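Close look at the chain arrangement
Next come the chains, spelled out residue by residue.
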Amino acid sequence: MKKIVLSVAIASISVASCKNSQIKPVPDQKAVVQNNITDEQLMDRVQKDALKYFWEYAEPHSMLGRERYHEDNIYPDNDKHVVTTGGSGFGLATILVGVERGFVPRKEAVKRLTHMMNFLAKADRHKGAWSHWINGETGKTVPFGKKDNGGDLVETAFLTSGILMVREYFKNGNPEEKALAAKCDELWKGIQWNWYTKGGEKVLYWHWSPEYQWEMNFPLEGYNECLITYILAASSPTYSIDAETYYKGWTRNGTYLTDKTKYGLPLYVKHNYAEEYGGPLFWAQYSYIGLDPTGLSDKLVKNYFELNKNQTLIDYQYCVENPKKWKGFGPDYWGLTAGYTRNENGSTGYTAHMPTNDNGVITPTAALSSFPYTPKESMDFLRFIYTEKPQFIGSAGPYDATSIHYNDWFTPRYLAIDQGTIAPMIENYRSGFLWKLFMNAPEIQQGLKKLSFQSAKYGIK
């Protein structure tokens, strides 16, 4: 079950601090949080904290998001300079939130984003797609695995979602902002999505390598976190796929629907390898940083918001039920998704937490990035962790992995793909800001129509 459809490094566990003095940092937010803090202040606080990952602790040459940032400065694989493509896409969305909320200066954000786009333009590309990992100092591909040393279409999709939102946000701005938008547009149009159908098969493939060609052989078939890949491929004005590729490939020729329920909640689709409870919660988050599931439907799924909401509520109900009797699990402390974990010997590892892979570790991004679906439950978690468990909060917000059961264990480490969804998804709950940017992009509107998606909210029918 390759990367359980994860977009993160398996094992190696590391990253370090490198404050970028040329960029104004977010003000220090390490003060103790009082119980009388308002919900709005709490959401501001966690958004600012998560922004630090991509603003203060970015890889200093490329300014993209590091794969990992470790407060303990321990990097077993000597990879603090490695940037992650998908996590950097979430970072772009996070920076936009920072600009929109006034957390970072717009002019400095434009300068930084322009630098990032220039780096991406010169970095290795494989039929237009970027690799999963990139050397932030050189722009060269860093293999994710021996044969995974070429283009990664899913990571590229997460990055591209962010690139398109940057384009949309700045396209009508001043000359510098318009130039930034033009760079984004050029990068987007250079991705050869249809190449990744392996010569015209009616399915997209995750990887292609100049050295190993198609040997990874990983077709993108739902349901997991990869929906956005098909949306972007269908929307491309230069290298598009057709609707048949989506319905034959992603939906497994329509066979990925299910009538199963859990806790009385319909699952609607068969989650790959996780049909009883649904998969790790990042499946309800990664594709939906820009893609607004509210009232969104296609020929098979009648409401993507309900699909994601139910997956999240099932995860929540499982944690409240707590069949393994972990100390702390409950309405204020819940959320299972991929990330760092606690190994049996107390060291830090990596796994895809979900109800069928539950080892007593809660990943804060799971609940925090679920705000659009479970606002009350997510707010209860946010308030609890900031006011009752300050030891779980570090320099860039909640640490990646925590466990009350194991004497308030935590790892003082972060991953880009986990920290990067917090501010965007909270903002989509608060204002719909990123959803509006992405859904109103002209190509996205046409691509969704091509795939028979409908959204009354955005006039797509």
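It should be noted that the structure appears before, not after, this text.
First, a word on scope: everything that follows refers to the structure included in this document. Computed from a predicted model, the values in this text were never measured in an experiment. (Residues numbered from 1 in each chain as written. Predicted model: local features only at pLDDT ≥ 70, side-chain atom pairs only at ≥ 80, totals over all residues. Heavy atoms only, no water.)

**What about the overall build of the protein?**
When helices and strands are tallied, the protein shows 14 helices and 15 strands. The C-alpha radius of gyration of the protein comes to 20 Å, within 12% of the 23 Å expected for a compact globule of 461 residues. The principal-axis extent of the C-alpha atoms belonging to the protein is close to 55 × 55 × 45 Å. Considering the protein as a whole, with its 461 residues, one finds that 64% of them fall into the buried category. Restricting to contacts in the protein with at least 6 residues of sequence separation, those with at least 24 account for 70%. Just so you have it, the protein exposes about 15900 Å², and 49% of that area is on carbon and sulfur atoms. Separation between the mean location of the 51 positive side-chain charges and that of the 50 negative ones in the protein comes to 3 Å. (Helix = DSSP H or I, 4+ residues; strand = E, 2+ residues; numbered from the N terminus. Rg over C-alpha atoms; globule rule 2.2 N^0.38 Å. Buried < 20%, exposed > 50% of the residue type's maximum accessible area, 1.4 Å probe, protein only. Contact = heavy atoms within 4.5 Å. Areas by Shrake-Rupley, 256 points an atom, 1.4 Å probe, with all protein chains shown as cover. Lys, Arg positive; Asp, Glu negative; His and termini not counted. Charge placed at Lys NZ, Arg CZ, Asp CG, Glu CD.)

**Details of the pairing of strand β10 (residues 348–352)**
Taken together, the five bridges between strand β9 (residues 338–342) and β10 define a ladder with antiparallel strand orientation. By the bridge assignment for β10, Tyr340 is matched with Tyr350. Where β9 folds back on β10, the antiparallel hairpin that results is connected by five residues, among which Gly346 adopts a positive phi of roughly 90°. (Pairing = 2+ DSSP bridges.)

**A few points about helix α14 (residues 442–450)**
Of the positions making up α14, those classed as buried are Glu443, Ile444, Gln445, Gly447 and Leu448. Directly after α14, the chain includes Ser452, whose backbone phi takes a positive value near 65°.

**Examining the sheet that holds strand β4 (residues 141–142)**
One open sheet accounts for three strands, arranged β2-β3-β4; its pairing is antiparallel. Looking along the sheet, the strands with just one partner apiece sit at the ends: β2 (82–84) and β4. Relative to β4, strand β3 (residues 133–135) is paired through two bridges, and the arrangement is antiparallel. Pairing of Ile134 across the sheet is with Thr141, part of β4.

**Quick word on the environment of Ala181**
Within the secondary structure, Ala181 is located in helix α5 (residues 175–189). Assessed through its relative accessible area of 5%, Ala181 is described here as buried. Contacts of Ala181, omitting those with residues within four sequence positions, involve Arg167, Phe170 and Lys171.

**Topic: the packing of helix α2 (residues 85–100) against helix α12 (residues 422–430)**
Interaxial distance between α2 and α12 falls to 8 Å at its minimum, and their mutual angle equals 50°. When the axis of α2 is compared with that of α12, the two are oblique. Once α2 is placed against α12, the crossing between them reads as left-handed. Between α2 and α12, the residues in contact are Phe90, Ala93, Thr94 and Val97 and Ala423, Pro424 and Glu427, respectively. (Axes fitted to C-alpha atoms, helices over the stretch in contact; angles between N-to-C directions. Parallel < 35°, antiparallel > 145°, perpendicular 65-115°, else oblique. Left-handed = near helix turned anticlockwise from the far one by under 90°.)

**Thoughts on unusual backbone geometry**
Trans peptide bonds make up the majority, and among non-glycine residues the majority have a negative phi. That bond from Gly222 to Tyr223 is cis: its omega, 15°, falls within 30 degrees of zero. Even without being glycine, Met63 reaches a positive phi, approximately 70°. Given the relative accessible area of 5%, Met63 is considered buried. With a phi angle near 65°, Tyr273 is a residue other than glycine that sits in the positive phi range. Turning to its location among the elements, Tyr273 is positioned in the loop between β8 (265–266) and α8 (304–321).

**Examining the nonpolar core**
Residues Tyr246, Leu291 and Tyr304 are the most contacted members of the largest nonpolar core, which totals 103 residues. Counting residues per element, this core draws most heavily on helix α4 (residues 153–170), which supplies 11 residues. Residues within four places of Tyr246 in sequence aside, it is in contact with Leu227, Tyr230, Thr251, Tyr256, Asp298, Tyr304, Leu451 and Phe453. (Core = buried A, V, L, I, M, F, W, Y, C linked by side-chain atoms within 4.5 Å.)

**A closer look at the pattern of salt bridges**
Summed over all chains, the structure comprises 25 salt bridges. Residues Asp72 and Arg413 are paired through a salt bridge, measuring 2.8 Å at the closest nitrogen-oxygen approach. With a gap of 341 residues between them, Asp72 in the loop between β1 (68–70) and β2 and Arg413 in strand β15 (residues 413–415) connect regions that are remote in the sequence. Salt-bridge contacts for Lys189 lead to Asp185; the nearest nitrogen and oxygen are separated by 2.9 Å. Taken as a pair, Lys189 and Asp185 lie in helix α5 at a separation of four residues, close to a single helical turn. Within the structure, one salt-bridge network assembled from shared partners comprises Arg167, Glu168, Lys171, Asp185, Lys189 and Glu443. (Salt bridge = Lys/Arg side-chain N within 4 Å of Asp/Glu carboxyl O.)

**Details of the packing of aromatic side chains**
All chains considered together, the criterion is met by 37 aromatic pairs. Centroid distance Tyr57 to Tyr69: 4.3 Å. Interplanar angle 10°. Geometry classified as stacked. One end of the pair, Tyr57, is in the loop between α1 (39–55) and β1; the other, Tyr69, is in strand β1, with 12 residues separating them in the sequence. By relative accessible area, which is 3% here, Tyr69 ends up buried. Consider the rings of Tyr196 and Trp214, whose centres lie 6.0 Å apart with planes at 85°: the pair is edge-to-face. Residue Tyr196 is found in the loop between α5 and β6 (207–208), and its partner Trp214 is found in the loop between β6 and α6 (227–235); the two are separated by 18 residues along the sequence. Of the two residues examined, Tyr196 and Trp214, each falls in the buried class. Among the aromatic residues, those joined into a cluster by ring pairs are Tyr53, Phe54, Tyr57, Tyr69, Phe329, Tyr333, Phe381, Phe384, Phe392, Tyr399, Phe410 and Tyr414. Lying across the ring of Tyr263, Lys262 places its NZ or CZ 5.9 Å from the centre. Lying over the aromatic face of Tyr277, Lys262 brings its terminal NZ or CZ to 4.5 Å of the ring centre. (Phe/Tyr/Trp six-rings, centres within 6.5 Å; stacked < 30°, edge-to-face > 60°. Lys NZ or Arg CZ within 6 Å of the ring centre and 35° of its normal.)

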